[in-house]
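Remarks on the overall topology
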Amino acid sequence: MADKVELLIVGGGKMGEALLGGLLAAGRSAESICVAEPIAARRDELADRYGVAVSGDVAASAGAILATKPDVIPTVAAAVTAAGTDRILSIAAGVTLPTLDAAAGTGVPIVRAMPNTPALVSEGAAAICGNDRAAEDDLGWAEEILGAVGRVVRVPEHLMDAVTGLSGSGPAYVFLVAEALIEAGVLMGLGRPVAAELAEQTLLGAATLLAEGRSPADLRADVTSPGGTTAAGLRELERHGVRAAFAAAVEAATRRSAELGSA
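In short, a report on the structure.

Reading the values: rules and limits
- Note that residues are indexed from 1 along each chain, following the sequence as it is written.
- Where totals are concerned, whole chains, interfaces and linings use all residues; where local detail is concerned, this predicted model gives features only for residues with pLDDT of at least 70, and gives and counts side-chain atom pairs only at 80 or more.
- No hydrogens and no water enter the side-chain calculation; it runs on all heavy atoms of the structure.
- To sort residues, take the accessible area from a 1.4 Å probe on protein chains only and compare it with the maximum for the residue type: under 20% means buried, over 50% means exposed, and anything in between is partly exposed.
- Secondary structure follows DSSP: runs of H or I at least 4 residues long count as helices, runs of E at least 2 residues long count as strands, and numbering of each begins at the N terminus.
- Pairing between strands requires that DSSP locate at least two bridges from one strand to the other.
- Note on handedness: a clockwise path from strand one over the helix to strand two, with the strands aimed away from the viewer, defines a right-handed crossover.
- To define axes, lines are fitted to C-alpha atoms, for helices over the stretch in contact only, and angles between the resulting N-to-C directions are given on a 0 to 180 degree scale.
- Put simply, angles under 35 degrees are roughly parallel, angles over 145 are roughly antiparallel, angles from 65 to 115 are roughly perpendicular, and the rest are oblique.
- Handedness of a helix crossing follows the sense of rotation of the near helix relative to the far helix, less than a right angle counterclockwise being left-handed and clockwise being right-handed.
- The contact criterion used is simple: two residues touch if any of their non-hydrogen atoms lie within 4.5 Å.
- Under the convention adopted here, Pro, Cys and the residues Ala, Val, Leu, Ile, Met, Phe, Trp and Tyr are nonpolar, Asp, Glu, Lys and Arg are charged, and Gly plus all remaining residues are polar.
- To count toward a patch, a residue needs a relative accessible area over 30% and no salt bridge; like charges are then connected within 9 Å, while nonpolar side chains (Val, Leu, Ile, Met, Phe, Trp, Tyr) are connected within 5 Å.
- Per-residue and other accessible areas follow the Shrake-Rupley method at a 1.4 Å probe size, with only the shown protein chains counted as cover for residues.
- By definition, a salt bridge exists where a carboxyl oxygen of Asp or Glu is found within 4 Å of a side-chain nitrogen of Lys or Arg.

1. With respect to the pairing of strand β1 (residues 7-10)
The two faces of β1 match: Leu 7 and Ile 9 on one face and Leu 8 and Val 10 on the other face are all buried. As defined by bridge partners, β1 adjoins strand β2 (residues 33-36) across four bridges and the pair is classed as parallel. Among the inter-strand pairings, Val 10 is bridged to a residue of β2, identified as Ala 36. You can see the chain leave β1, run along helix α1 (residues 14-25) and come back into β2, and the turn it takes is right-handed. Direction of pairing for β1 relative to strand β4 (residues 64-66): parallel, over a ladder of three bridges. Residue Ile 9 lies in a different strand from β4, and its bridge partner there is Ile 65.

Here it is in structure tokens:
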């Protein structure tokens, strides 16, 4: 039997490619990675761009990342197990550990992850949980992989729907805020390109300040002078129930994630 590839990425779409690029940038060798991708043109593209082995079939591996659409994950999990894999990391939204266990069927360690799209620019947020056979070494392996494209936290599986509602869907909430700020700037007389540049950089700068570790409340206080412009703007946001709207959005997305996971 041929030697096992160190890491198999099943699915060469956006998230699979994001992980591939992040791992290579973090120092993982191209020779240690193989990508399984069914579309021939995409296989050629990935091979040319990253210099990794790309195949139309799954191979035996020390570890496999399942980065396909959720509806085919059970089939893919069964295929990589049959091919011979030592452990599995699934990044498919809504596919539970019991579903993955049933598909794999051989007692393989499985880690389930919920990443988000900022992983495409190596600024992702992901949460992970493992099945009964996933040891500390398996969770650490998953953290190392996902850490190449962002931050990683551990949660029990019953909180994965909440993770989906907050950070999984969260980028869309931020993009909506960006749209609203741009439109407001245009309404106040700014040209659209100028409003877009200011809004985008404001969000980026604010996120960078948050990443330094101070609390959102303290940062907000720093920019809010008594009786000043920011205080006036914040008063209107509170009057229109922005906090409640975000809470309702996260709750609705969490509930929908649970519904999809039980379907």
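2. Comments concerning the packing of helix α6 (residues 160-168) against helix α11 (residues 242-262)
One can describe the packing of α6 onto α11 by two numbers: an axis separation of 7 Å at closest approach and a directional angle of 135 degrees. Taken together, the axes of α6 and α11 are oblique relative to one another. The interaxial crossing formed by α6 with α11 has right-handed handedness. Residues Asp 161, Ala 162, Thr 164, Gly 165 and Leu 166 of α6 touch α11, and the partners they reach there are Val 250, Ala 253, Thr 254, Ser 257 and Ala 258. Its residues placed into classes, the contact of α6 with α11 shows five nonpolar, four polar and one charged.

3. Describing unusual backbone geometry
Of note, Ser 122 is a non-glycine position whose phi angle comes to about 60 degrees, a positive value. Position of Ser 122 among the secondary structure elements: in the loop between β6 (110-114) and β7 (124-130). What makes Ser 122 partly exposed here is its relative accessible area of 39%.

4. What about a nonpolar patch on the surface?
A cluster of nonpolar side chains, Leu 190, Val 194 and Leu 198, forms an exposed patch at the surface whose accessible area comes to about 250 Å². Assignment of secondary structure puts Leu 198 in helix α8 (residues 192-211).

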